[in-house]
Amino acid sequence: MHSEQPNYTQVFLTFARNSLIRDMTFRWDFIIQAVSSLCWMLMNLGFYLLIFQYTKEISGWSKYQFFLFMATTMIINSLVQTFFMPNAAEFSELIRTGGLDFALLKPIDTQFLISFRRVEWASMSNFVFGLGLLSFSLWQLEVMPTWWQVLLFPVFVFCGVLIFYSLMITLAATSIWLGRNQSLYNFWFYITNFSRYPLEIYRGPYGSWLQWFFTFLIPVLVVVNVPARLLAQEMDRQKWGLTAFAVFAAVMSLLASRWIFQSALGSYRSASS
Amino acid sequence: MAAIEIENLTKTYRVYRKREGLWESVRGLLHREYRDVHAVNGIDLTVEKGEFVAFLGPNGAGKTTTLKLLSGVLTPTSGKAEVLGFVPWQRKNEYRRRFALVMGQKNQLWWDLPAQESFRLHQQIYHIDPTEYEKTLKELASLLKVQKLLGQPVRELSLGERMKMELMAALLHSPEVLFLDEPTIGLDVVAQHDIQNFLREYQERQETTILLTSHYMKDVAALCKRVVVVSGGNIVYDGSLNGIIDRFSLHKVISLQFAEDQLPGDLSRFGDVLEIQPPKAKICVERAQVPYVLNRVLAEQSVEDVSVEDRPLEEVIAQMFADTTEEHRPNQLTEEPTEF
């Protein structure tokens, strides 16, 4: 009678709905969260406005090209923060307290369940802000995106989100082995920090080593660079090459993180009652 | 047909042995000593479909670990188990749709939302047919008398009300096997009684196979015909509740009421004198000696009333736990650390 699989989309929508109901219950918390992260975005923007008083470009990225890059960073980060950050943070806690038991009982994919349980709607304010900054930069650059740009940009934003998600779930999964992993946020910040700058700045013996490492081993450099370049720069063969690589990197990251997550689950030992 | 079959099931944890003091903690960073804790130590058990079985045992006896193994939350170190024909730790969805686990010390409902929102989520995760879901929900709510509480945020409910909601959440998909880990812990007498009544009625109606662990003997006495006593990871008794008394209680209590304040002074020659409240007295006597003692007392004294009773079940079981834990050293897992 109950042989069918659960409807994953419907379950996700209910998660999103329940999260929204909860957020609305504590509306001031919601508003403060949205406002404070917006302030952080504005301060960031102000910082780069300062820098561009001293220079015309940063390794080939003009002011508004760079702002377009920043807008892409905001869009991708806000999506990760909205959908995955609260879940990854809670996962570590679920392991320490043994709450993961309940997730393991449910007739639904465990990784899906713990990845999507909560949605932090307040972070969507950054998404809207990012979209605004993106349109403003395009307008300043006097660029009218072509249809293929409009089509491909979201696709590669999605690839970027997948890579970040994979990294995050891998970090979270390690807390099964470590018992407790509070350095999760820090690690996340250290690594993703590299993704916030254009690929071109990683030059020289140290820089090119970093570029290689963060493109091929932990592919965080392609996350923002690929979609941002699509909109902001002239594409050439080499750039298309990296774009194709981004798809490959997204798929590989996802597979690798899935494998790590599954084997970590095998070592789960629960907490005493 | 057997619903649960367990054969030589073993779960061993490796636990970090922490020594006292700061220096030892620092040393522990580099060199750790471990010891093995045998939480479940080769258990054999068969439970038939529709049975209501109680798991008794002191803290750390392995009751919860056994339930977690049968729920597939943990993978055993060795041994076999099948529930409804499935190996639990393979975590097949077909299996997970057919059982439920309720833990009295943990909750799975969304804390800030009304329980009905969590229920709706269960409906979707378990893919329960909407009309059937509505019907089950109504039935459960009226059996537990919580219709009015469904729309109230869980954090505003009392402990007892919350437990009822947890039970509902676990039963919405009409599981064939139900694992209950101390469902009445911390509840007041009324709430305990409500939950006992509910479980009894529900089990009779649905013929669910239920494994219950509890510290409250009243739960067990009210609900279960069969009792399995675990201690130190082993099964030390499997049978009826009264059987425990027959097997483990070597004494009975004789209560006497003497006529006209004639309380004989030398009662201690019959057995341990528990209590003297003239004209009444209670003596604890070895079981084999009961007929002999009664005979003599009745012959020698004028007695108005007499009764022979078993020792209270709690006492017998406490004694039994004390005996068994002496054999196997205490096995308790480390508790959650208190943080400041």
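Criteria and thresholds
Residues numbered from 1 in each chain as written. Chains lettered and ligands numbered in written order. Predicted model: local features only at pLDDT ≥ 70, side-chain atom pairs only at ≥ 80, totals over all residues. Heavy atoms only, no water. Helix = DSSP H or I, 4+ residues; strand = E, 2+ residues; numbered from the N terminus. Expected span 1.5 Å × (residues − 1). Buried < 20%, exposed > 50% of the residue type's maximum accessible area, 1.4 Å probe, protein only. Contact = heavy atoms within 4.5 Å. Salt bridge = Lys/Arg side-chain N within 4 Å of Asp/Glu carboxyl O. Polar contact = N/O pair within 3.5 Å; in protein donor to acceptor, adjacent residues only side chain to side chain. pLDDT = per-residue confidence, 0-100. Pairing = 2+ DSSP bridges. Axes fitted to C-alpha atoms, helices over the stretch in contact; angles between N-to-C directions. Core = buried A, V, L, I, M, F, W, Y, C linked by side-chain atoms within 4.5 Å.

### Focus on helix α4 (residues 85-97) of chain A
All names here are of chain A.
Consideration 1: Its 13 residues place the ends of α4 19 Å apart at the C-alpha level, agreeing with the 18 Å of an ideal helix rising 1.5 Å per residue.
Consideration 2: The element α4 is largely enclosed, with a buried count of ten among its 13 residues.
Consideration 3: Of the positions making up α4, those classed as buried are Met85, Pro86, Asn87, Ala88, Glu90, Phe91, Ser92, Leu94, Ile95 and Arg96.
Consideration 4: Structurally, α4 contributes buried residues whose contacts are with α3 (63-83), α5 (100-105), α6 (110-116), α8 (147-178), α9 (184-193) and α12 (237-266).
Consideration 5: Just past α4, the residue glycine 98 takes up positive phi, approximately 85°.

### Things to note about the pattern of salt bridges
Consideration 1: Following the criterion strictly, the structure yields 20 salt bridges over all chains and no others.
Consideration 2: Put simply, A:Arg118 and A:Glu90 hold a salt bridge, and the shortest N to O gap is 2.5 Å. Taken together, the residues A:Arg118 in the loop between α6 and α7 (124-141) and A:Glu90 in helix α4 connect sequence positions 28 residues apart.
Consideration 3: Look at A:Arg118 and you get partly exposed, because its relative accessible area is 25%.
Consideration 4: Among the residues examined, A:Glu90 registers a relative accessible area of 19% and is labelled buried.
Consideration 5: One salt bridge in this structure joins B:Lys68 and A:Asp101, with 3.4 Å as the shortest N-O distance. In this pair, B:Lys68 is assigned in helix α2 (residues 63-71) and A:Asp101 in helix α5, connecting two distinct chains. As far as the burial class goes, B:Lys68 and A:Asp101 line up, both buried.
Consideration 6: Each of A:Arg22, B:Asp112, B:Arg155 and B:Glu156 takes part in salt bridges that share partners, so that together they form one network.

### Quick word on the environment of A:Glu120
Consideration 1: If you trace the backbone, A:Glu120 turns up in the loop between α6 and α7.
Consideration 2: For A:Glu120, the residues in contact, after removing those within four places along its chain, are A:Asp23, A:Gln33, A:Gln81, A:Thr82 and A:Pro86.

### Describing the side chain of B:Thr213
Residues and elements named next belong to chain B.
Consideration 1: Structurally, the position occupied by threonine 213 is in strand β7 (residues 209-213).
Consideration 2: Of note is the side chain of threonine 213, whose polar atom sits 2.6 Å from the side chain of aspartate 181.
Consideration 3: Discounting chain neighbours no more than four positions away, the residues touching threonine 213 are Phe55, Lys63, Leu67, Leu180, Asp181, Glu182 and Pro183.

### Observations regarding the confidence of the model for chain B
Residue and element names in this part refer to chain B.
Consideration 1: Model confidence for chain B is summarised by a mean pLDDT of 86, while 94% of its residues fall at 70 or above.
Consideration 2: Mean pLDDT values over the elements of chain B span from 70, in helix α11 (residues 313-327), up to 96, in strand β6 (residues 177-181).
Consideration 3: In this model, residues 328-340 is a region of pLDDT below 50 whose contacts with residues beyond four sequence positions or in other chains number 19 contacts.

### Points about the sheet that holds strand β4 (residues 78-83) of chain B
Residues and elements named next belong to chain B.
Consideration 1: Taken in spatial order, the three strands line up as β2-β1-β4 in an open sheet, and their pairing is antiparallel. Bordering the open sheet on either side are β2 (34-48) and β4, each of which pairs with just one other strand. Sheet twist, expressed as the average angle between the axes of neighbouring strands with direction ignored, equals 25°.
Consideration 2: Pairing between strand β1 (residues 2-16) and β4: five bridges, direction antiparallel. Its bridge partner being in β4, isoleucine 4 is matched across the sheet by valine 83.

### Re the nonpolar core
Within soluble globular proteins, side chains that are nonpolar generally end up buried alongside one another.
Consideration 1: With 175 residues, the main nonpolar core has A:Leu100, B:Ile4, B:Phe119, B:Met165, B:Met168 and B:Phe179 as its most contacted residues.
Consideration 2: A per-element tally of this core places α8(A) first, with 15 residues.
Consideration 3: Setting aside residues no more than four positions away along its own chain, B:Met168 makes contact with B:Phe119, B:Leu137, B:Leu140, B:Ala141, B:Leu144, B:Val146 and B:Leu150.
Consideration 4: Ranked by size, the runner-up nonpolar core spans twelve residues in total, among them B:Leu256, B:Leu267, B:Ile283 and B:Val293.

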